[in-house]
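# Per-entry structural report
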Amino acid sequence: MTTVAEEIRVAEFRRELGLESLIDVHTHFMPKRVLDKVWAYFDAAGPMIGREWPITYRADEDERVALLRGFGVSTFTSMLYPHKPAMAAWLNAWSREFAARTSGCLHTATFFPEPRAPGYVREALDAGAVIFKAHVQVGAYDPTDPLLDPVWGLLAEAGTPVVAHCGSGPVPGPYTGPEPIARVLARHPRLKLIVAHMGMPEYGAFLDLADRHEGVHLDTTMAFTDFVEEFTPFPPADRVRLADAADRILWGSDFPNIPYGYAHALDALTRLDLGDDWLRAVCHDNAARLFDRI
Ligand SMILES: [Zn+2]
């Protein structure tokens, strides 16, 4: 589909639901040289990716922002994450500036287990960060690392959501899977955690976590699409649980790093057949509530 055809398809999706706009909690914007490296990694199908992954929306930053707006996305994020120490504070400075100059972008921040983490997380919160990203798979760190304990505490206390890639897809990391992050939640039960990618492939276990903890949400990022269903299908028996968790599921796309068009991921939600109320909650209302965007 051309970009124009995608825009028309997404506009139809919104019109059918009576939604003026979408809120996409999982979009990637980062400094150019970092994004170039990420794209090179995807191009090479690096070991954390595990398969061929052509990037659909490889374009300049301005164009990518315009594309999202063209899809009717009123609110989005700049998910960025370090894969090594001494990088997070610099990323946070960039994303703060990016959010300031990009209307609709929620001020996003990140962290890594290192002694300075509580300091720069506090600083990001004071500067107005409203969402954080933790990449347990790429960062290959233990979320229960004592260096992170004060960080989770700060986020829980502030009530600021953190999107965590903590599931074992597309390739497991040393600390992925529901157990390590469940231990974090046991220590910080008020933490507002958004499990990225519906926790794939451990979908059921992450839905269990959402059952146990009121603050646990899941983002739909890439889940239910043809690309993911081929290798890590969502268990049909758990579909009814998606209806039960209707107020905890948030639309996320992984834009621009997706190997299919934006509209396909929305169509993948529609074909779950969970109804218009569910789609409205997931694609707009839940995130509007979480981020005070009503
Ligand atoms: Zn992502």
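Our structure's up above, just so we're on the same page.
Rules of the game
Residues numbered from 1 in each chain as written. Predicted model: local features only at pLDDT ≥ 70, side-chain atom pairs only at ≥ 80, totals over all residues. Heavy atoms only, no water. Helix = DSSP H or I, 4+ residues; strand = E, 2+ residues; numbered from the N terminus. Rg over C-alpha atoms; globule rule 2.2 N^0.38 Å. Contact = heavy atoms within 4.5 Å. Areas by Shrake-Rupley, 256 points an atom, 1.4 Å probe, with all protein chains shown as cover. Lys, Arg positive; Asp, Glu negative; His and termini not counted. Charge placed at Lys NZ, Arg CZ, Asp CG, Glu CD. Donors = N, O, S within 2.8 Å, 3.2 Å for Na, K, Ca; no water. Buried < 20%, exposed > 50% of the residue type's maximum accessible area, 1.4 Å probe, protein only. Pairing = 2+ DSSP bridges. Core = buried A, V, L, I, M, F, W, Y, C linked by side-chain atoms within 4.5 Å. Salt bridge = Lys/Arg side-chain N within 4 Å of Asp/Glu carboxyl O. Phe/Tyr/Trp six-rings, centres within 6.5 Å; stacked < 30°, edge-to-face > 60°. Axes fitted to C-alpha atoms, helices over the stretch in contact; angles between N-to-C directions. Parallel < 35°, antiparallel > 145°, perpendicular 65-115°, else oblique. Left-handed = near helix turned anticlockwise from the far one by under 90°. Nonpolar A, V, L, I, M, F, W, Y, C, P; charged D, E, K, R; others polar. Right-handed = clockwise from strand over helix to strand, strands pointing away.

### Overview of the overall build of the protein chain
Regarding its fold elements, the protein chain presents 13 helices and eight strands. What you see for the protein chain is a C-alpha radius of gyration of 17 Å, in line with the 19 Å of a compact globule of 294 residues. A separation threshold of at least 6 residues defines the contact pool for the protein chain, and within that pool the share at least 24 residues apart is 77%. As displayed, the protein chain offers around 12000 Å² of accessible surface, 52% of which is attributable to carbon and sulfur atoms. Mean positive and mean negative side-chain charge positions of the protein chain (28 and 40 charges, respectively) differ by 5 Å.

### Comments concerning the coordination of the zinc ion
Protein ligation of the zinc ion involves His-26 (NE2), His-28 (NE2) and Asp-254 (OD), the donor distances falling in the range 2.1 Å. Read in sequence order, the donor residues coordinating the zinc ion give the pattern H-x1-H-x225-D. Taken as a pair, His-26 in the loop between strand 1 (22-23) and helix 2 (32-43) and Asp-254 in the loop between strand 8 (249-250) and helix 12 (262-270) lie far apart in primary sequence, 228 residues in all. The two residues His-26 and Asp-254 agree in class, both being buried.

### Here's the deal with the sheet that holds strand 3 (residues 108-110)
With respect to topology, six strands assemble into an open sheet ordered 3-4-5-6-7-8, the strand pairing being parallel. Each edge of the open sheet is held by one strand with a lone partner, namely strand 3 and strand 8.

### A look at unusual backbone geometry
Following Gly-169, the chain continues into Pro-170 via a peptide bond in cis, with omega recorded as -5 degrees. The residue Pro-170 is located in the loop between strand 5 (162-165) and helix 8 (178-187) in this model. Cis geometry marks the peptide bond from Phe-255 to Pro-256; its omega dihedral reads 5 degrees. Even without glycine at this site, Met-198 takes up a positive phi of about 55 degrees. With respect to the element layout, Met-198 can be found in the loop between strand 6 (193-195) and helix 9 (203-212). Residue classification places Met-198 among the buried positions, given a relative accessible area of 1%. Phi is positive for Met-222, which is not a glycine, with a value near 70 degrees. Relative to the helices and strands, Met-222 is located in the loop between strand 7 (216-219) and helix 10 (226-229).

### Some details on the nonpolar core
One finds Leu-22, Phe-111, Phe-132, Trp-152, Leu-155 and Tyr-262 to be the most contacted residues of the largest nonpolar core, which totals 93 residues. A per-element tally of this core places helix 12 first, with six residues. Core analysis: the second largest hydrophobic core is formed by 13 residues, Val-163, Ala-196, Leu-250 and Leu-290 among them.

### A word on the side chain of Lys-133
Relative to the helices and strands, Lys-133 is located in strand 4 (residues 131-135). Buried Lys-133, no salt bridge; nearest opposite-charge side chain is Asp-254, N-O distance 6.1 Å. Contacts of Lys-133, omitting those with residues within four sequence positions, involve His-26, His-28, Met-79, Leu-80, Tyr-81, Ala-109, Thr-110, Phe-111, Val-162, Val-163 and His-165.

### A look at the packing of aromatic side chains
Under the definition given, this model contains 16 aromatic pairs. On the numbers, 6.0 Å between centres and 75 degrees between planes, the contact of Tyr-57 with Phe-71 is edge-to-face. You can see Tyr-57 sitting in the loop between helix 2 and helix 3 (61-70) and its partner Phe-71 sitting in the loop between helix 3 and strand 2 (73-75), a full 14 residues away along the chain. The same class applies to Tyr-57 and to Phe-71, which are both buried. Here Tyr-57 and Phe-255 contribute two aromatic rings whose centre-to-centre distance is 5.0 Å and whose plane-to-plane angle is 40 degrees, an arrangement assigned as tilted. In this pair, Tyr-57 is assigned in the loop between helix 2 and helix 3 and Phe-255 in the loop between strand 8 and helix 12, connecting sequence segments 198 residues apart. This pair shows no difference in class: Tyr-57 is buried, exactly as Phe-255 is.

### Considering the packing of helix 5 (residues 117-126) against helix 7 (residues 149-158)
One can describe the packing of helix 5 onto helix 7 by two numbers: an axis separation of 9 Å at closest approach and a directional angle of 20 degrees. Considering their axes alone, helix 5 and helix 7 lie roughly parallel with respect to each other. Note that helix 5 runs across helix 7; the crossing there is right-handed. Taken together, the residues of helix 7 that come into contact with helix 5 (itself represented by Ala-117, Pro-118, Val-121, Arg-122 and Leu-125) are Pro-150, Val-151, Leu-154, Leu-155 and Ala-158. The residue makeup of the contact of helix 5 with helix 7, split by class, is nine nonpolar, no polar and one charged.

### Some thoughts on the pairing of strand 4
Across the five residues that make up strand 4, a large majority, five, are buried. Burial of strand 4 is two-sided: the residues Ile-131, Lys-133 and His-135 facing one way and the residues Phe-132 and Ala-134 facing the other way are all buried. Here strand 3 pairs with strand 4 via three bridges, running parallel. Bridge assignment links Thr-108 to a residue of strand 4, and that residue is Ile-131. Taken together, strand 3, helix 5 and strand 4 form a β-α-β motif whose crossover is right-handed. Note that strand 4 and strand 5 share four bridges and pair parallel. Looking across to strand 5, one finds that Phe-132 is bridged to Val-162.

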